[in-house]
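Summary of the model geometry
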Amino acid sequence: VGGWGVPWQEYLQIAFTAVGGLGLFLFGIQMMATGMQKAAGDRLRRILEVLTTRPIIGVLTGILITVLIQSSSATTVMVVGFANAGLINLSQAISVIIGANIGTTVTAQIISFKIENIAFPVIGLGALIIFFSKRKQYRYLGEALLGFGLLFLGISTMSAGLSPLKNLPAFHRLLVQFSAFPLLGVLGGAAFTALIQSSSAATGVIIALAMQGMISLNAAVPLILGSNIGTCITAFIASAGTNVTARRTAVAHLLFNFVGVLLTLLMIEPFTALVLKTASTVPRQIANAHTIFNVLNSVFFL
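Values in this document were obtained by computation on a predicted structure and should not be read as measured data. (Residues numbered from 1 in each chain as written. Predicted model: local features only at pLDDT ≥ 70, side-chain atom pairs only at ≥ 80, totals over all residues. Heavy atoms only, no water.)

**So, the overall build of the protein chain**
Regarding its fold elements, the protein chain presents 16 helices and 0 strands. Burial status across the protein chain gives 51% buried among its 302 residues. The long-range fraction of contacts in the protein chain, counting pairs at least 24 apart against all pairs at least 6 apart in sequence, stands at 79%. Carbon and sulfur atoms make up 69% of the accessible area of the protein chain, which amounts to about 13,700 Å² in all. (Helix = DSSP H or I, 4+ residues; strand = E, 2+ residues; numbered from the N terminus. Buried < 20%, exposed > 50% of the residue type's maximum accessible area, 1.4 Å probe, protein only. Contact = heavy atoms within 4.5 Å. Areas by Shrake-Rupley, 256 points an atom, 1.4 Å probe, with all protein chains shown as cover.)

In structure tokens, the structure reads:
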């Protein structure tokens, strides 16, 4: 029997199912992003080079590209690469990163609608397109569809695997700590996101907990804020060994999110009250909190 009065076998079952679901989710995001990037080809790079002359255009470009490829990390890495090559300057890079932060919230919005019933049909359709299409363009779109389906299957698996945690008093106490001490939740969310290098996946786990009724909005908001800091690790990894502009781009990404989180923590009660008015279910509120934070932060920095 474990420390929380639960047999070790149940611990293992929770861990294996949750990790397996997270693996499916991460693999789904990666496959969807890769498929969309291949389908779009070099056009995204040309768009990024041309449409970043003004800050607002750069932000819209960052949103568009991130929504298309479903990965703010990929957009950020691309921007760091362009900055290193001297194709864009620091202000252009920052504007695109600001847009990427908004674009990445689309994934959370999609998964919060609980449409996991479409997972298997989409997986089947994606697989059929990959196997029977002769044109590369169609196969790439098939990859994106297959990844989209795996994303939802991963969320469903995670949600089911984490379900037994709702009966553990110690887990409830941990979530209460996040509500009472938001900074603790921010640190936890940042560490978890840095570990898996995906704010979308971190948000997905939080939404999966909410789907089982295990987490309140008050406990979820600090975790969501922390995920926005943790995702900056990808840009730092990509900037290793690059020039000064590329490294400054990575630092700008961290400062943008860190300052935004700090300001939101100072006003966390009115922020949470605002989010509560946007939806009637906690999963939707969590997705909206992620979007509202990034939109308000972007407006502030612009």
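On we go from here.
**Here we look at helix H16 (residues 282-301)**
The terminal C-alpha atoms of H16 lie 28 Å apart, and with 20 residues this matches the ideal 28 Å at 1.5 Å per residue to within 8%. Of all 20 residues in H16, 14 are buried, a share of seventy percent or more. (Expected span 1.5 Å × (residues − 1).)

**A few points about a nonpolar patch on the surface**
A cluster of nonpolar side chains, namely Phe258, Leu262, Leu263, Leu266, Met267, Phe300 and Phe301, defines an oily patch on the protein surface of about 710 Å² accessible area. It is helix H14 (residues 244-266) that provides the largest number of residues to the nonpolar patch, a total of 4 residues. Structurally, Leu266 can be placed in helix H14. Residue classification places Leu266 among the exposed residues on the basis of a relative accessible area of 68%. (Patch = residues over 30% accessible without salt bridge, like charges linked within 9 Å, V, L, I, M, F, W, Y side chains within 5 Å. Salt bridge = Lys/Arg side-chain N within 4 Å of Asp/Glu carboxyl O.)

**Quick look at the packing of aromatic side chains**
For the structure on display, the rule yields 2 aromatic pairs. Between Phe300 and Phe301, the aromatic rings sit 5.4 Å apart at their centres with planes inclined by 90°, giving edge-to-face as the arrangement. Look at Phe301 and you get partly exposed, because its relative accessible area is 35%. Three or more aromatic residues joined by ring pairs form one cluster here, namely Phe256, Phe300 and Phe301. When the ring centre of Tyr138 is taken as reference, the NZ or CZ atom of Arg135 above it lies at 5.0 Å. (Phe/Tyr/Trp six-rings, centres within 6.5 Å; stacked < 30°, edge-to-face > 60°. Lys NZ or Arg CZ within 6 Å of the ring centre and 35° of its normal.)

**Things to note about the nonpolar core**
The tendency in soluble globular proteins is for nonpolar side chains to be buried side by side. Membership of the largest hydrophobic core comes to 54 residues, with the highest contact counts inside it found for Phe25, Ile215 and Ile286. Among the elements that line this core, the one with the most residues is helix H8 (residues 136-162), at 10 residues. Leave out the neighbours within four places in its chain, and Phe25 touches Ile111, Leu150, Leu151, Gly154, Ile155, Met158, Ser200, Ala201 and Gly204. Ranked by size, the runner-up nonpolar core spans 10 residues in total, among them Ala74, Met78, Phe82 and Ile88. (Core = buried A, V, L, I, M, F, W, Y, C linked by side-chain atoms within 4.5 Å.)

**Here's the deal with the packing of helix H15 (residues 268-276) against H16**
Look at H15 against H16: their axes get within 9 Å of each other, and the N-to-C directions meet at 125°. With respect to H16, the element H15 is oriented oblique. Every pair of crossing elements has a handedness; the one defined by H15 and H16 is right-handed. Together, Phe271, Leu274, Val275 and Leu276 of H15 and Gln285, Ala289, Ile292 and Phe293 of H16 make up the contact between the two elements. Class assignment for the residues of the contact of H15 with H16 results in 7 nonpolar, 1 polar and no charged. (Axes fitted to C-alpha atoms, helices over the stretch in contact; angles between N-to-C directions. Parallel < 35°, antiparallel > 145°, perpendicular 65-115°, else oblique. Left-handed = near helix turned anticlockwise from the far one by under 90°. Nonpolar A, V, L, I, M, F, W, Y, C, P; charged D, E, K, R; others polar.)

**Here's the deal with the packing of H8 against helix H11 (residues 199-211)**
Two numbers describe a pair of packed helices, the interaxial angle and the distance between the axes. At their nearest, the axes of H8 and H11 sit 8 Å apart, and the two run at 55° to each other. The angle between H8 and H11 falls in the class oblique. For the crossing formed where H8 meets H11, the hand is right-handed. Residues Ile155, Met158, Ser159 and Leu162 of H8 pack against Gly204, Val205, Ala208, Leu209 and Met211 of H11. Of the residues contributing to the contact of H8 with H11, the split by class is 7 nonpolar, 2 polar and no charged.

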